[in-house]
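The primary structure of each chain is shown beneath.
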Amino acid sequence: MKKDTMTAFNVCESFVSLSGESRWQGLVTTFIRFAGCDVDCAWCDTKYAHTEQPTEVEQEQLVSICRANAVPRVILTGGEPLLQQGLPSLCSALLKEGFEVQVETSGTRLIDMLDKRVMKVMDIKPPGARAKKGFHWGNLDLLAGEDQVKFVLAGREDYEWALSIIAKVKLNKICKIIFSPVVGRLDPSELAGWMVEDRPEAQMQMQLHRQIWPNEDRGR
């Protein structure tokens, strides 16, 4: 019997770890990683999330996992979590339980269905990502001051493109901005030098979990 798609989720993995990015960086957090993505970035570091067979998990099971972990924060990530039709319902259920909830998204889908209390961490993909889907610019009207937009940068072209987008849409007036170098593609010290010279209203972040567990590809 087919499960109700509004309450069953395609889950790749769930685990407790330190948040590697965003304003939650360094905080112990429950992660639920959903399977599936149709953006296919060139530098994707979680390809297993859309190549491996997912596990179908009901909403109440996911809430129970978070409850059992006894951690006040939950990150819903992927893959692309907005591919899960029941995501708004899950967010509401977790908020009702008293959890802080963060959704990490590629920004290619409109986030208007998410509860306003959900913290959004949203990518805007630069040219170097070679993404198969473009950013949904309507999302900028739905972000709040505590939300964050992340530019993952592979080189100077990506960096200059990000600066042009920030200036064009006055992004620093909308939300917080993160610059993150692609591991193995852009030297963090080089990006730091550019930022010191240009003084953008952005915060540089390196993926914390990759510094702590450099040999772990998942579950961290």
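The coordinates are above.
Residues numbered from 1 in each chain as written. Predicted model: local features only at pLDDT ≥ 70, side-chain atom pairs only at ≥ 80, totals over all residues. Heavy atoms only, no water.

1. Looking at the packing of aromatic side chains
Two aromatic rings are characterised by how far apart their centres lie and by the angle between their planes.
Reasoning step 1: Inspection of the entire model under this criterion finds 7 aromatic pairs.
Reasoning step 2: With a centroid separation of 5.0 Å and 10 degrees between ring planes, the pair formed by F15 and F31 is classed as stacked. Taken together, the residues span a long stretch of sequence, with F15 in strand β1 (residues 8-18) and F31 in strand β2 (residues 28-34) at a distance of 16 residues. As far as burial versus exposure is concerned, F15 and F31 are alike and both buried.
Reasoning step 3: Taking 4.8 Å as the distance between ring centres and 70 degrees as the angle between the ring planes, the aromatic pair formed by F135 and W137 counts as edge-to-face.
Reasoning step 4: By relative accessible area, which is 14% here, F135 ends up buried.
Reasoning step 5: Assessed through its relative accessible area of 39%, W137 is described here as partly exposed. (Phe/Tyr/Trp six-rings, centres within 6.5 Å; stacked < 30°, edge-to-face > 60°. Helix = DSSP H or I, 4+ residues; strand = E, 2+ residues; numbered from the N terminus. Buried < 20%, exposed > 50% of the residue type's maximum accessible area, 1.4 Å probe, protein only.)

2. Some points on the environment of E157
Reasoning step 1: Note on placement: E157 falls in helix α3 (residues 156-169).
Reasoning step 2: A residue is classified by how much of its surface remains accessible, and E157, at 57% relative accessible area, is exposed.
Reasoning step 3: On a C-alpha basis, the gap between E157 and L142 in space is 28 Å, while along the polypeptide they are 15 residues apart.

3. What about the side chain of K125?
Reasoning step 1: Relative to the helices and strands, K125 is located in the loop between β6 (119-123) and β7 (148-153).
Reasoning step 2: Relative accessible area serves as the criterion here: at 16%, K125 is assigned to the buried category.
Reasoning step 3: A distance of 2.7 Å separates polar atoms of two side chains, one belonging to K125 and the other to D123.
Reasoning step 4: Non-local contacts of K125, meaning those with residues more than four positions away in its chain, are made with V39, C41, W43, S106, A131 and W161. (Polar contact = N/O pair within 3.5 Å; in protein donor to acceptor, adjacent residues only side chain to side chain. Contact = heavy atoms within 4.5 Å.)

4. Looking at the environment of R156
Reasoning step 1: Residue position: R156 is located in helix α3.
Reasoning step 2: In this structure the C-alpha to C-alpha distance between R156 and E190, which are 34 residues apart in sequence, comes to 9.3 Å.
Reasoning step 3: For R156, the contacting residues outside a window of four places in its chain are W194 and D198.

5. Description of the packing of α3 against helix α4 (residues 188-198)
Reasoning step 1: Running from N to C, α3 and α4 cross one another at 35 degrees; their axes reach a closest spacing of 11 Å. Like other packed secondary-structure pairs, α3 and α4 cross with a definite hand, here right-handed. Contact with α3, carried on its side by R156, Y159 and L163, involves L191, W194, M195 and D198 of α4 and no other residues of that element. (Axes fitted to C-alpha atoms, helices over the stretch in contact; angles between N-to-C directions. Left-handed = near helix turned anticlockwise from the far one by under 90°.)

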